[in-house]
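A structural walkthrough
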Amino acid sequence: NLQNFWQKKFIFRIKKCIFAEKRNSAPLKSLRKQLKKRSIIMGKSRIEIEHTLNSTSRNIIWQLIGTAAGLEKWLADSVQIDGDKAKFGWGDDWRHHEIRCATVITIDKFKRIVWRWDDEDDTSYVEIRMERSQMTQQYTLYITDFTDEDDMEWLRDAWKHNFKRLYQSCGV
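Residues numbered from 1 in each chain as written. Predicted model: local features only at pLDDT ≥ 70, side-chain atom pairs only at ≥ 80, totals over all residues. Heavy atoms only, no water.

**Description of helix α5 (residues 152-170)**
Taking 1.5 Å as the rise per residue, α5 with 19 residues should run 27 Å; its terminal C-alpha atoms sit 27 Å apart, in good agreement. Immediately beyond the C-terminal end of α5, within one or two residues, lies G171, with a positive phi of roughly 75°. (Helix = DSSP H or I, 4+ residues; strand = E, 2+ residues; numbered from the N terminus. Expected span 1.5 Å × (residues − 1).)

**Some thoughts on the nonpolar core**
With 32 residues, the main nonpolar core has W74, L75, F88, W115, I128, L141 and W159 as its most contacted residues. The element contributing the most residues to this core is α5, with five residues. Apart from the residues lying within four places of it in its own chain, the contact partners of I128 are I65, L71, W74, L75, K111, R112, I113, W115, L141, Y142, I143 and W159. (Core = buried A, V, L, I, M, F, W, Y, C linked by side-chain atoms within 4.5 Å. Buried < 20%, exposed > 50% of the residue type's maximum accessible area, 1.4 Å probe, protein only. Contact = heavy atoms within 4.5 Å.)

**Here's the deal with the environment of S57**
Relative to the elements of secondary structure, S57 occurs in the loop between β2 (44-52) and α3 (58-66). A distance of 3.2 Å separates a polar atom in the side chain of S57 from the backbone nitrogen of I60. (Polar contact = N/O pair within 3.5 Å; in protein donor to acceptor, adjacent residues only side chain to side chain.)

**Notes on the packing of aromatic side chains**
Tallied over the entire structure, the rule returns ten aromatic pairs. A ring pair is formed by F88 and W117, whose centres lie 5.2 Å apart and whose planes are at 70°; its orientation type is edge-to-face. Here F88 is found in strand β4 (residues 85-91), whereas its partner W117 is found in strand β6 (residues 112-117), with 29 residues between them in sequence. A relative accessible area of 1% means that F88 is categorised as buried. The class of W117 is buried, set by a relative accessible area of 12%. The ring of F110 has R58 sitting right over it, with the charged end atom 3.8 Å from the ring centre. A cation over an aromatic ring shows up here: R100 above the ring of W117, its NZ or CZ 4.2 Å from the ring centre. (Phe/Tyr/Trp six-rings, centres within 6.5 Å; stacked < 30°, edge-to-face > 60°. Lys NZ or Arg CZ within 6 Å of the ring centre and 35° of its normal.)

**Looking at the pattern of salt bridges**
The full count for this structure, using the stated rule, is nine salt bridges. Ionic pairing is found between D122 and K44, a salt bridge with its closest N-O pair at 3.5 Å. Here D122 is found in the loop between β6 and β7 (126-132), whereas its partner K44 is found in strand β2, with 78 residues between them in sequence. For K44, a relative accessible area of 10% gives the class buried. (Salt bridge = Lys/Arg side-chain N within 4 Å of Asp/Glu carboxyl O.)

**Concerning the side chain of R100**
On the secondary structure map, R100 appears in strand β5 (residues 97-108). Within the structure, R100 has its side chain in polar contact with the side chain of D119 (distance 2.8 Å). One polar contact links R100 to E120, side chain to side chain, over a distance of 3.0 Å. Aside from chain neighbours lying at most four places away, what touches R100 is A86, K87, F88, W90, W117, D119 and E120.

Next up, the structure:
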């Protein structure tokens, strides 16, 4: 199993770094670089997605990613944000219905929003970041999310669906 392999390798490298740290910090720096490259958080793999939007308005884009009303247009059927707590709902009450709660870690107005799912036991997070292209002046959303290896394709498809929903509801 690839996941177990990376976990064992990670533990081995940590032990090596703890022993070597007393003499030299180079192995610790090497481990940090490798972790950033592989981007594994407790058995989950990092997924990064970028999506260019049909908008040059930072206010419109921020309203779509930084407010509950905006996120309801494309990410979930219902969203509530109260301080550092967020609640996302999908589906209808009379059929399949899922609710997930999250803790908002960062809201940098006109830049990004980051949250961590409350039902996750690790340090994985979801980040939605907006950046403006210097050439086209259009905005691109950069998504960072984490999932198990087995769910990578499903998560990519879910984000594609979200972007399609964003285009259909807002035209961006």
